[in-house]
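# Architecture at a glance
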Amino acid sequence: MALILDLAVQGAQMLLVLLLAPLLTGLTRKVKAHLLRRQGPPLLQPYRDLVRLMRKEVVLAENASWLFRVIPYLVFAATWVAASLVPTFGTGLLFSWSADLIAIIALLASARFYLALAGLDVGTSFGGIGSSREVMIASLAEPAMVMIVFTLALIAGSTQLSTMAAYLISGEAGLRVSLGLALIALIIVAIAENARIPVDNPATHLELTMVHEAMVLEYSGRHLALIDLAASLKLLLYVSLIACLFTPWGMAAPGTGVAALVLGVVSYLGKLAAGGILLALFETSIAKMRVFRVPEFLGAALMLGLLATLLRFVSGSL
Amino acid sequence: MVLVALILCAALLAIVPIAIATGRSPSGRIIVYGASLVATTALVLIALGSLFAPPSTVTLPLGLPWLGAHFRLDALSAFFLAVVNLGGAAASLYAIGYGAHETAPLRVLPFYPAFLAGMSLVVLADDAFSFLVSWEFMSLTSWALVMAHHRVADNARAGYIYLIMASAGTAALILTFGLLAGPEGAYTFAQMRAAYPEFGAAVVLLALVGAGSKAGLVPLHVWLPLAHPAAPSHVSALMSSVMTKVAVYGFVRIAFDLAGEPAWWWSIVVLTLAGITTVMGVLYALMQHDLKRLLAYHTVENIGIIFIGIGLALAFKAHGMAAAAALALTAGLLHVFNHSLFKSLLFFGAGAVLNATGERDMEHLGGLIHRMPQTAFVFLVGCAAISALPPLNGFVSEWLTFQAILLSPQLPSWGLKLIVPAVGALLALSAALAAACFVKAFGVTFLGRPRMPAAERAHETDRFSLAAMGFLAALCLVAGIVPGIFMDALAPAVTSLVGQRLPIQTGVEWLSIVPIAESRSSYNGLLVFLFMIISGTLAASAIHRLASDRLRRAPPWDCGYPDPSPATQYTADSFAQPIRRVFGTVVFRACEHGEMPPPGDTSPARLTVTMRDLVWDTLYAPLASGVGAAADRLNHLQFLTIRQFLSLVFAALIILLLVLAIWP
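Because the structure is predicted, anything quoted here is derived from the model rather than measured.

## Considering the overall build of chain A
Of regular secondary structure, chain A possesses 11 helices and 1 strand. The order of helices and strands in chain A, counted from the N terminus, is α-α-β-α-α-α-α-α-α-α-α-α. For chain A, whose C-alpha radius of gyration is 19 Å, the value lies close to the compact-globule estimate of 20 Å for 318 residues. Here the C-alpha coordinates of chain A stretch approximately 55 × 45 × 45 Å along the principal axes. The contacts in chain A between residues at least 6 apart in sequence include a share of 81% that link residues at least 24 apart.

## Some words on the domain arrangement of chain B
All names here are of chain B. The domains assigned to chain B are domain 1 (1-257), domain 2 (261-539) and domain 3 (614-662). Secondary-structure elements contributing two or more residues to the side of domain 1 that touches domain 2 are helix 3 (75-98), helix 8 (200-215), helix 9 (224-230) and helix 10 (233-258). Looking at the side of domain 1 that touches domain 2 element by element, the count peaks at 15 residues for helix 10. For the side of domain 1 that touches domain 2, the class distribution of residues is 30 nonpolar, 13 polar and 3 charged.

## Structural notes on the environment of Asp488(B)
All names here are of chain B. If you trace the backbone, Asp-488 turns up in helix 20 (residues 483-498). For Asp-488, a count of 20 C-beta atoms within 10 Å translates into the label buried. When the C-alpha atoms of Asp-488 and Leu-116 are compared, they prove to be 27 Å apart, with 372 residues separating the residues in sequence. Residue contacts for Asp-488: discarding those within four places in its chain leaves Ile-504, Gln-505 and Thr-506.

## A closer look at the packing of helix 4 (residues 111-124) of chain B against helix 5 (residues 128-146) of chain B
Relative placement of two packed helices is described by the angle separating their axes and the distance separating the axes. Residue and element names in this part refer to chain B. Contact geometry of helix 4 with helix 5 gives a least axis separation of 8 Å together with a crossing angle of 150°. Taken as axis vectors, helix 4 and helix 5 run roughly antiparallel relative to one another. In this structure, helix 4 meets helix 5 at a crossing whose hand is left-handed. Seen from helix 4, the contacting residues are Phe-111, Tyr-112, Ala-114, Phe-115, Gly-118, Met-119, Leu-121 and Val-122; seen from helix 5, they are Phe-131, Ser-134, Trp-135, Phe-137, Met-138, Thr-141, Ser-142, Ala-144 and Leu-145. Among the residues making up the contact of helix 4 with helix 5, the classes are represented as 13 nonpolar, 4 polar and no charged.

## Looking at the nonpolar core
Formed by 370 residues in total, the largest nonpolar core has its most connected members in Leu117(A), Ala144(A), Val189(A), Phe79(B), Val246(B) and Cys476(B). There are two domains that each give this core at least three residues, and those are domain 1 (1-257) and domain 2 (261-539) of chain B. Setting aside its immediate chain neighbours within four residues, Val246(B) contacts Phe80(B), Val84(B), Met119(B), Val122(B), Val123(B) and Met138(B).

## Remarks on the interface of chain B and chain A
Every contact between the two is made by 73 residues of chain B and, on the other side, 75 residues of chain A. Of all the elements in the fold, those that place two or more residues in the side of chain B that touches chain A are helix 14 (368-371), helix 16 (393-406), helix 17 (414-446), helix 21 (525-547), strand 3 (551-554) and helix 22 (572-587) of chain B. Looking at the side of chain B that touches chain A, the element that brings in the most residues is helix 17 of chain B, giving 15 residues. Class assignment for the residues of the side of chain B that touches chain A results in 45 nonpolar, 19 polar and 9 charged. Note: strand 1 (residues 58-61) of chain A against strand 3 of chain B, 4 bridges, orientation parallel. Each residue of the ladder has a partner; that of Val59(A), found in strand 3 of chain B, is Arg552(B).

## Notes on helix 6 (residues 161-169) of chain A
Residues and elements named next belong to chain A. With 7 of its 9 residues buried, helix 6 lies for the most part within the structure. All of the buried residues along helix 6 are Leu-161, Ser-162, Thr-163, Met-164, Ala-165, Ala-166 and Leu-168. Tucked into the core, helix 6 has its buried residues touching helix 4 (101-121), helix 5 (125-156) and helix 9 (221-246). Of the residues one or two after helix 6, Gly-171 is the one with positive phi, at around 80°.

## Digging into the packing of helix 10 of chain B against helix 12 (residues 291-318) of chain B
Residue and element names in this part refer to chain B. Contact pair helix 10 / helix 12: the axes reach a minimum separation of 11 Å and the direction vectors enclose 20°. Classified by the angle their axes make, helix 10 and helix 12 are roughly parallel. Where helix 10 crosses over helix 12, the two elements pack in a sense that is right-handed. Only Lys-292, Leu-295, Ala-296, Thr-299, Ile-303, Ile-306, Ile-310 and Leu-314 of helix 12 make contact with helix 10, whose side of the interface consists of Ser-236, Ser-240, Thr-244, Val-248, Phe-251, Val-252 and Ala-255. Split into classes, the residues belonging to the contact of helix 10 with helix 12 amount to 10 nonpolar, 4 polar and 1 charged.

## Examining the confidence of the model for chain B
Averaged over every residue, the pLDDT of chain B is 93; the share at 70 or more is 100%. Scoring of the predicted complex yields 0.95 for pTM and 0.96 for ipTM.

## Focus: unusual backbone geometry
A cis amide bond, omega 10°, links Ile197(A) with the succeeding residue Pro198(A). Within the secondary structure, Pro198(A) is located in the loop between helix 7 (177-193) and helix 8 (212-215). A cis amide bond, omega 5°, links Val218(B) with the succeeding residue Pro219(B). Residue position: Pro219(B) is located in the loop between helix 8 and helix 9. Phi at Asp154(B) takes a positive value of approximately 75°, unusual for a residue other than glycine. Considering the arrangement of structural elements, one finds Asp154(B) in the loop between helix 5 and helix 6 (155-181). Looking at Asp154(B), the number of C-beta atoms within 10 Å reads 10, which means it is exposed. The backbone of Arg589(B) shows a phi angle near 50°, a positive value even though the residue is not glycine. Within the fold, Arg589(B) resides in the loop between helix 22 and strand 4 (591-595).

Conventions and cut-offs
Residues numbered from 1 in each chain as written. Chains lettered and ligands numbered in written order. Predicted model: local features only at pLDDT ≥ 70, side-chain atom pairs only at ≥ 80, totals over all residues. Helix = DSSP H or I, 4+ residues; strand = E, 2+ residues; numbered from the N terminus. Rg over C-alpha atoms; globule rule 2.2 N^0.38 Å. Contact = placed C-beta atoms within 7 Å. Domains from an automatic or database assignment. Nonpolar A, V, L, I, M, F, W, Y, C, P; charged D, E, K, R; others polar. Buried ≥ 20, exposed ≤ 12 C-beta atoms within 10 Å, placed from the backbone. Axes fitted to C-alpha atoms, helices over the stretch in contact; angles between N-to-C directions. Parallel < 35°, antiparallel > 145°, perpendicular 65-115°, else oblique. Left-handed = near helix turned anticlockwise from the far one by under 90°. Core = buried A, V, L, I, M, F, W, Y, C linked by C-beta atoms within 7 Å. Pairing = 2+ DSSP bridges. pLDDT = per-residue confidence, 0-100.

Listed below in structure tokens is the structure:
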């Protein structure tokens, strides 16, 4: 019985992230539009887009290979699995131990690996430009992320997200310099990984400024829907990750009752909304960078992460 | 057991005359590679059987008369014997098909089984003399294989540099064993183990030079990316995936087993070199557009990852943290195994491409996924595995290395506290760059449109090659989803070297791996694999059933400007351009120089990129010119009169006697 309940909670989390992801994207767009004094699309527009895309036929480039058709599913699967392993409303879910934070990052890395391959598959110049810039950005964002993980893991004594969250809820960690550095680095990485301004512009249609959009230029129909959904899931994942590590309050501990779970869901929704609004605020207040300024931006994250890790190595209290 | 292993090595050597006799006929190829396959498979089985068995030794009346030839098969030897011969078996199977295209079979066939026997003998040797003789035998046979196509441009230079570096490495190893044996000449490993080593630090540093030059540690790697691609592809695979591991064996054997208790600062040297090696290796690899050379440079990176694990294990061992040392050493040795799988696979794939198109240059390839779908699939598996993507095997060993790094704040020494996070950052950087490198390798070679007619005419490779690659790809997946079995197999070897082992993994529920404690970290490749499969198929079937499964082929969109010429695609060089700009300006002093024609002139613009290999320019070029200059000076000695010669000899004698007299 307990196993069935655990399974149900785990399944609920998987469905929750899948259902909420487009809403977060919609919320960010809406808030951004309001800040720009525009009406903006309705909150539910991303869902409508997905449904419409899924119903359309796929227009496939003549020389696209089988890999090009498989990759959307691979990318979606890897991102969805990663997103459902990040604690959202509760810690210690049934399968939370099957992959720790390093594995979650590696899952996202595999999604990116396949997507970058898709950019090269049709053999167009825009696909190549997207892939080549994407791997350049990733080559700095990923090590920065690993350094953040090191910092957090050294503070909490674990790379398991559930254990980390539980430790951070308990308040033993307190306020630390290394935590602050890790937070800044994590926000920079999250912005870069999700192709947001100032690194990339998710709404752009000016070819030479695109990174993510250039990679997926040849996709259409259900394939594009899956890739868009995966992108939304990734945004949700990073917001959940920041929420779970830096504002872990309200999350349900394992084995607590329904009331705690409800509280967890409500607080999670609140955190998501706050994350979306803050992201929109940040994006409207900054201009997009040139591509070759991005390495400096991400290099800062890498250095902050390394500094935070070094602090943890030299002192237990920083 | 060790006797059976030696008999099988002798059997491999016995193939050599058969190869010479039958090498010209096509059946000779099948006999030689088939017999090698049988012998190496038997050796794998013996090695697997000896993994958990007590060490067995044998002394043969060969070699030095007062010493004999000692051989020993213990857990560590058994593990490396399994790695060597698994690679050997896969390469033999592959070569049954691949060898059909060999233009000079007599330059390959006789040396091939000898090379395999040499590598197996190195890991079995139990005295310094047998070790060095086997080591040199391995070096020379592989040199002969590198020179198989000696008329091809640059191959002679590759062979020359290889020969010099191999001799230098062996010289360092001779000094290592000289120090270990001491003035009494205790040449067996058992005596060395029992003796208290006086110059432990010098021993380990010399071993690092000797084994590191064979393994490809930066800055001793210069020969590797030249020599490995020059050999036929199945031999390239063996050299890259197996021979470098024999070098790792040499270092592990000397540093952990023979050199006594480690001092804490040895690991700093190892870790620094390893960290630099990982990042330099992958950056070099990213700058290549020759597929086989890219793979060879990437071996350098992986050797760095292995040495990070080994260096951490040395550090933990020096501070008496046996459990952490066991984790770090398991990570390093597991990566030895994993890398031998996917690097063989990738070299086989490169060989298949070379056979099908006659091209190694990626700039001439493209679109091979349409014409070689099966090769493309297994090559993709290899690329994903080497890029450390879950649920494949490369991720597991990198994950374990990260876990070992996370244990290192407990190290008491400050030097290590500062160097380990930096090494961790370098490892993370190299992991991300490796993914970029293999997006490039796979994307430019197999995806896109054919850049040259040769790529258009490509055809799928033969069944034997596909079987060998498919076998390795399957092993990559198995080692990724149930890594616990492989980690447990390493336990006896790890216990014998650091005194402790990881907790038993095969009993953990759901086949997870838990290196320390579940609350600390755990990973379950099987579940991640199943989750991905289930969610992917769920999404596919749901969309196909509920929404739409229609599909139409049309010209590519490309923002409305599709260009029919494949020359507009991204090439290997242009793909790596952003990374070259970010990292290369520092590491390679990369410099881009654009030449625009004046307005009104319709001649094409030109972009020239200059890059410098700083290791070569600052270390080897001065060394080579120094040696040349010295040789010029000393040339005079050849033209002395008899009186001057005699006085020279006399002076040398006096000086040597003086040294002896003054020496304490």
